[in-house]
Amino acid sequence: MPFPRHPHPDTLKSLADAAPIPFWLDDPARPLPASALTNTTAADLVVVGAGFTGLWTAFLAKEADKSKDVVLLEAEETGIGASGRNGGFVAASLTHGFENGREHWQNELAVLTQMGQANLEAIDMTVKRLGIQCDFLRSGELLVATEPYQVDELIKIPEVAAPYGEKLVWFDRDQTRSIVDSPLYLGGLFNPMGVAMVNPAQLTWGLRNACLDLGVRLYERTPVSRIDDENKVIKVSTPYGKVNAKRVAIATNAFKPLIKNISRYIVPVYDYVLVTEPLSDEQRASIGWQDRQGLSDTNNQFHYYRMTLDGRILWGGYDAVYYRNNGIGKHLEINPEVFGRLAEHFFINFPQLEGLRFSHAWGGAIDTCSRFCQFWGTTHAGRTAYVLGFTGLGVGSSRFGAQVLLEILDGKSTERTQLEMVRKKPMAFPPEPFRTIVINITRKSLDQADQNQGQRNLWLTILDRLGLGFDS
């Protein structure tokens, strides 16, 4: 059924005590920030941004060559951006799902699938090897159909995807509802091995500790203001200090790009999330969900949800909000209108949980690009490189992005760097005011499609033919 835009007044009571902070970051184990950089220093490699991409970049670089002097600069605190605000879905897919991969890189998709699976295995092994306590769970993900036309689409995918290395299973209505019970579910596509669940903040903190143990020099509360190439030395300027670097890796996600040209390719899109109070045993029994699989529905404006270790439900998605002129800031992390809408949709999906209340409500910016997955680039004659555009699926693919980033900086030609995905960038977004106009037309069209059995209008059809889109 189409989800409504406006909540019932009684639904808003469930939000009365929701703390406006990310659930994952509201943790006494959150580390104290490292000191800021206050002098001029030098390094072999400077990594800008201590989210997943920056952490993996610093960790992999230092682990491969312990003699390499690596400096990691973070504007605020480790994991404070998208890495500590997401749903905690660690996907093997490097292409934002099978269908998007087939649309853009059909000839490479089997290789990309294998690389993605190997990347997920490597994350799993790294977590175990380092002893990172982050509730890493190979639970799989269930993609549910809530409309008959979605059943018709999803039921075909296991056979279509199998030749590319995907191992997907279709469940009918009764099988799906035996796993997680909602009156909306008509069936589900299960990916048993391609998605893990994690506490994302704890994973960032674990990688932070690993970097420090290896000798990475971490400076937090150290925003980078400029990156300049002076006589083949990259000068990275911060408020109180400077780093003279041989190479620089930029991992700033949706935040204001340090290289002007990057802003053509990404838009910061705000995604909003709720987390419930812990479910009682009776409430948990009413929905099942004993194995804590990740779930999402298949609407254009989709919801994603999962069960936390202490028995709460995280429920996010649906609205992907763009604020004019690439708007970003802490004042945009709270959106009562969207929170109310999410709460209404939650109780439509799980009516048996009426009376449950939400403990946390927050938002964060996603670095969306027109092809829905990461892209790479260089400047300063290859001495500075970047990877961005993960579009909401960076928890897993950020490690792969970091690997490629380091290979590019080292000038290596590898199977990864030769991929078409790596060599080519997505189509750029138009400048303002056309950027806002195009995004709003697209959002309205996606909503209309969800209200009309998935029927895509002329505007969406044109975007489909161009291989373009807008998503979170």
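In what follows, the structure referred to is the one given above.
Residue numbering note: each chain is counted from 1, following its sequence as written. For a predicted model such as this one, the threshold for reporting local features is a pLDDT of at least 70, and the threshold for listing and counting side-chain atom pairs is 80 or more; totals across whole chains, interfaces and linings nevertheless cover every residue. The basis for every side-chain value is the complete set of heavy atoms in the structure, and neither hydrogens nor water enter the calculation.

Engineer: What is the right way to look at the environment of serine 225 in this model?
Structural biologist: Helix and strand assignments follow DSSP, with helices taken as H or I runs no shorter than four residues and strands as E runs no shorter than two, numbered in order from the N terminus. Summarising the element assignment, serine 225 is placed in the loop between strand E8 (217-219) and strand E9 (226-230). Expressed as a C-alpha distance, the spacing of serine 225 and lysine 242, which sit 17 residues apart in the sequence, is 10.0 Å. Whether two residues are in contact is decided by their heavy atoms: any pair within 4.5 Å suffices. Excluding anything up to four places from it in sequence, serine 225 contacts Ser237, Thr238 and Leu258.

Engineer: Before we go on, may I ask you to explain the nonpolar core in this structure?
Structural biologist: Across soluble globular proteins, nonpolar side chains have a tendency to be buried as a group. Leu45, Trp56, Leu72, Val90, Phe136, Leu203 and Trp376 are the most contacted members of the largest nonpolar core, which totals 48 residues. Each residue touching tryptophan 376, except ones within four places of it in the same chain, is listed here: Arg371, Tyr386, Val387, Phe400, Gly401, Val404, Leu405, Ile408, Met421, Val422 and Lys425. For our purposes a nonpolar core is just a set of buried Ala, Val, Leu, Ile, Met, Phe, Trp, Tyr and Cys residues, chained together by side-chain atoms within 4.5 Å. The cut-offs for exposure are 20% and 50% of the maximum accessible area for each residue type, with area from a 1.4 Å probe on protein chains only; residues under the lower value are buried, those over the upper are exposed, and the others partly exposed. Within the second largest apolar cluster, 38 residues are counted, among which are Phe3, Leu274, Ile313 and Leu342.

Engineer: Please explain the pairing of strand E10 (residues 233-237) as it appears in this structure.
Structural biologist: Note on strand geometry: in a regular strand, side chains alternate between the two faces of the sheet. Counting buried residues along E10, four of its five residues qualify, which places the element largely inside the surrounding structure. As defined by bridge partners, E9 adjoins E10 across five bridges and the pair is classed as antiparallel. Across the sheet, isoleucine 227 pairs through a bridge with valine 236, a residue of E10. For two strands to count as paired, DSSP must find a minimum of two bridges between them. Linking E9 to E10, which pair antiparallel, is a turn of two residues; within it asparagine 231 sits at a positive phi near 55 degrees. Sheet topology note: the E10/strand E11 (residues 242-250) ladder contains four bridges and is antiparallel. Note that in E11 the partner of serine 237 across the bridge is lysine 242.

Engineer: Sorry if this is basic, but what is going on with helix H2 (residues 98-105) here?
Structural biologist: Given 3.6 residues per helical turn, the α-helix brings residues three or four places apart onto the same face. Taken as a whole, H2 has its buried residues at Phe98, Asn100, Gly101 and Trp105. Seen along its axis, H2 keeps its buried residues to an arc of 160 degrees; they face one direction. By construction, the arc corresponds to the directions joining the helix axis to the C-beta atoms.

Engineer: Would you take a moment to explain the pattern of salt bridges for this structure?
Structural biologist: Where charged atoms from two side chains of opposite charge approach closely, those side chains can pair. By convention in these notes, a salt bridge is any Lys or Arg side-chain nitrogen within 4 Å of a carboxyl oxygen on Asp or Glu. Per the stated rule, a full pass over the model turns up 27 salt bridges. A salt bridge links aspartate 124 to lysine 128; the shortest N-O distance between them is 3.5 Å. One end of the pair, aspartate 124, and the other, lysine 128, are both in helix H3 (residues 109-130), four residues apart, so they sit about a helical turn from each other. Because the salt bridges share partners, they merge into one network encompassing Arg5, Asp319, Glu337, Arg341 and Arg443.

Engineer: I would appreciate a short explanation of the packing of aromatic side chains in the present structure.
Structural biologist: Aromatic ring pairs are reported here in terms of the distance separating the ring centres and the angle at which the planes meet. To pair, rings of Phe, Tyr and Trp, with the six-membered ring standing in for Trp, must have centres within 6.5 Å; the planes then decide the type, stacked if under 30 degrees apart, edge-to-face if over 60, and tilted in the middle. Within the structure shown, the criterion is met by 21 aromatic pairs. Their ring planes at 80 degrees and their centres at 5.8 Å tell us that tyrosine 272 and phenylalanine 339 sit as a pair that is edge-to-face. With a gap of 67 residues between them, tyrosine 272 in strand E12 (residues 267-276) and phenylalanine 339 in helix H9 (residues 336-349) connect regions that are remote in the sequence. You can call phenylalanine 339 buried: its relative accessible area is 6%. Three or more aromatic residues link up through ring pairs in this structure, and these residues are Trp289, Tyr305, Trp315, Phe346, Phe347, Phe350 and Phe358. Sitting over a ring, as applied to charges here, requires NZ of Lys or CZ of Arg to be within 6 Å of the ring centre and within 35 degrees of the ring normal. The lysine or arginine in question, arginine 399, covers the ring of tryptophan 56, its NZ or CZ lying 5.8 Å from the ring centre.

Engineer: Can you walk me through the environment of glutamate 407 in this structure?
Structural biologist: Locating glutamate 407 in the fold gives a position in helix H10 (residues 394-409). Taking the relative accessible area as the measure of exposure, glutamate 407 reaches 9% and is therefore buried. Taking the C-alpha atoms as reference, glutamate 407 lies 30 Å from serine 35; in sequence the two are 372 residues apart. Every residue in contact with glutamate 407, bar those within four places of it in the chain, is listed here: Lys412, Thr414, Arg416 and Thr417.

Engineer: When you look at unusual backbone geometry in this model, what are you seeing that I'm missing?
Structural biologist: With the exception of glycine, the majority of residues adopt a negative phi angle, and the majority of peptide bonds are in the trans configuration. Cis geometry is found at the peptide bond from glutamate 432 to proline 433, where omega equals 5 degrees. Phi is positive for asparagine 231, close to 55 degrees, though the residue is something other than glycine. Residue position: asparagine 231 is located in the loop between E9 and E10. Despite not being glycine, arginine 292 has its phi angle at roughly 60 degrees, a positive value.

Engineer: How should H9 be read in this particular structure?
Structural biologist: The end-to-end C-alpha distance of H9, which contains 14 residues, comes to 20 Å, matching closely the 20 Å that a straight helix rising 1.5 Å per residue would cover. H9 sits mainly inside the fold: twelve of its 14 residues count as buried. Listed in full, the buried residues belonging to H9 are Val338, Phe339, Gly340, Arg341, Leu342, Ala343, Glu344, His345, Phe346, Phe347, Ile348 and Asn349. Each element contacted by the buried residues of H9 is listed here: E12, strand E14 (303-307), strand E15 (313-317), strand E16 (321-322) and strand E17 (358-368). The span you would expect from a helix comes to 1.5 Å times its residue count less one.

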